Amino acid sequence: MEVQQVLHMNGGNGETSYACNSKLQKLVITKAKPVVIGSISDLYTINLPRCLRVADLGCSSGPNTLEVIIEIIDAIDETCHQLKLTTPEFQVFLNDLPSNDFNNIFKTLPAFYEQLKKEKGDIVFRLREAMGVQQIFHMNWGNGETSYACNSILQKLVITKTKPVVIGSILDFYTKNLPPCLRVADLGCSSGPNTLLVTTEIIEAIDETCHQLNRNTPEFQVFLNDLPSNDLNAIFKTLPDFCEQLKKEKGEKFGPCSITGLPGSFYGRLFPSNSIDFFHSSNSVHWLSQVPSMVGNRIENNKGNIYLARTSPPSVVKAYLEQFQKDFSLFLSLRAKEITPGGRMVLTLVRRRSEDPFGKESFLWELLSDSLNDLVSKGLIEEDKVDSFNLPYYIPSRKELEDIICAEGSFYLDQFEILDVSWDASDDDNDNKECMFHRFITAQKVAKCIKSCDRVVAHLSLWGCCNGCSIQ
Ligand code: SAH
């Protein structure tokens, strides 16, 4: 067995964890500080790069992990102050073996960014808004019955159906630009069998095209993004096999292909300016950054409902739409900064068929509200709890989406397609070619799908494909 399969420092914060037993290593880092700082300050002042890319190899997981990064950011920030320069953007890669406890590191990042923002103000590259939702929301971990990994067939079907668009879009970009390194980001990648699906499709399509064009394949840099609470450890553990398989299938000349997990909300800056060629996101952008505040502040407004329902007052409908408008505009403006000139973005999200805010698509949440209300009437849960719970989720109509894209103005809409997928993904069921609707099986599948989200589910029906223009 290779060292990388077995070696890792003890994770967590227990008595024998690396986190609690790395004082010696800390002392070494402290003593080496003058050399590290001297070296990077030298590099920075000679080259003055707009974005400083730093990699810490063998970062482990504990109090030392961000130590050197903090030292570097502090030193560069101070130097920039002295030289009256704007601090550069930073892109920091923390590397370790796939068995390292990255989840532990990632959970500390929101507080780390918050602290940086407080100390350094707006000059720091990562202006991540502190958002309620990102602290609590994630798909269910592991491979158990209610895990996202075991209950994401619907999302898989959506990804499969949108493949022609994704591939068409990235090939168009690649053949027009022929970049030596193709930088791709999947936003809201989750953790399960779908996580590397789009990456695989993209790599295969580019590889095939390069064969046809008699060219070497480009290098690949793939970023898998999700909230810090997502189980990125599970993804990392699958990477050695994934890369091995690629090498076997495509030969030694393929790549290199680097795959990086990027924890953070896509409602904050994730990448340096002008650095990503292709953005992809499926089944994710309909999740809001927070529960609309009107609803949160005046819970009696949406009494008995957990999402928009016919009994929701107009103020609640307005609050939901406004939150989506705000979030989706922010999402577009952030990606516009990060995308390279001519870069592309393909988004797949649930859409509402009609302009009526209570589309058929929300019937599922109404059913769930009804069930919760039944539990209230039986005294099994408190009424207040149901009344105060509202989903941070919005199903926009085609017009709402187009209006936001147009008003925000950074992207133009290249293609807008609508896909119909049944809630139980029976379209994909090989044993059910006639798509027979089976009440109980369908109900069971849909319920499992909902349970697999810690705070509820995702679903689809459309994707918008945007061609990016470069925004500095
Ligand atoms: N793309 C995958 C997973 C979809 S589930 C697929 O199609 O199967 C939706 C994912 O979006 C979840 O993993 C959730 O954690 C993530 N997500 C929701 N809000 C997010 C945000 N603000 N930033 C990053 N990821 C987010």
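Look a little higher up for the structure.
Residues numbered from 1 in each chain as written. Predicted model: local features only at pLDDT ≥ 70, side-chain atom pairs only at ≥ 80, totals over all residues.

Undergrad: Help me out: how do you make sense of the nonpolar core in this one?
TA: A general feature of soluble globular proteins is that nonpolar side chains tend to end up buried together. Counting residues in each nonpolar core, the largest one holds 64 residues, and the members touching the most others are V184, A185 and F279. At eight residues, the largest contribution of residues to this core is made by helix α10 (residues 314–338). Residue contributions to this core reach at least three from each of two domains, namely domain 1 (3–127) and domain 2 (153–468). Among residues more than four places away in sequence, those in contact with A185 are F223, N225, F271, I276 and F279. Residues L52, I72, I73 and Y113 belong to the second largest nonpolar core, which totals seven residues. (Core = buried A, V, L, I, M, F, W, Y, C linked by C-beta atoms within 7 Å. Buried ≥ 20, exposed ≤ 12 C-beta atoms within 10 Å, placed from the backbone. Helix = DSSP H or I, 4+ residues; strand = E, 2+ residues; numbered from the N terminus. Domains from an automatic or database assignment. Contact = placed C-beta atoms within 7 Å.)

Undergrad: I would appreciate a short explanation of the pairing of strand β1 (residues 51–57) in the present structure.
TA: Within a regular beta strand, the side chains point alternately toward one face of the sheet and then the other, so they alternate between its two faces. Pairing analysis gives seven bridges linking β1 to strand β2 (residues 89–95), with the strands arranged parallel. Its bridge partner lying in β2, L57 is registered against N95. What joins β1 to β2 is helix α3 (residues 67–83), and the crossover it makes is right-handed. (Pairing = 2+ DSSP bridges. Right-handed = clockwise from strand over helix to strand, strands pointing away.)

Undergrad: Help me out: how do you make sense of the packing of helix α4 (residues 102–120) against helix α8 (residues 232–250) in this one?
TA: Two quantities define a packed helix pair, namely the angle between the helix axes and the distance between the axes. For the pair α4 and α8, the least separation of the axes is 8 Å and the interaxial angle reads 140 degrees. Our classification of the angle between α4 and α8 gives oblique. Taken as a pair, α4 and α8 cross one another with a handedness that is right-handed. Mapping the contact onto sequence places F102, N103 and F106 in α4 and L232, N233 and F236 in α8. (Axes fitted to C-alpha atoms, helices over the stretch in contact; angles between N-to-C directions. Parallel < 35°, antiparallel > 145°, perpendicular 65-115°, else oblique. Left-handed = near helix turned anticlockwise from the far one by under 90°.)

Undergrad: Just to check I follow, could you spell out the pairing of strand β6 (residues 276–282) for this structure?
TA: In terms of burial, β6 is a largely internal element, seven of the seven residues being buried. Across three bridges, strand β3 (residues 181–187) lies against β6 in parallel orientation. Within β6, the residue paired with A185 across the bridge is F279. Bridge analysis of β6 against strand β7 (residues 339–349) gives six bridges, and the strand direction is parallel. Looking across to β7, one finds that S282 is bridged to T348.

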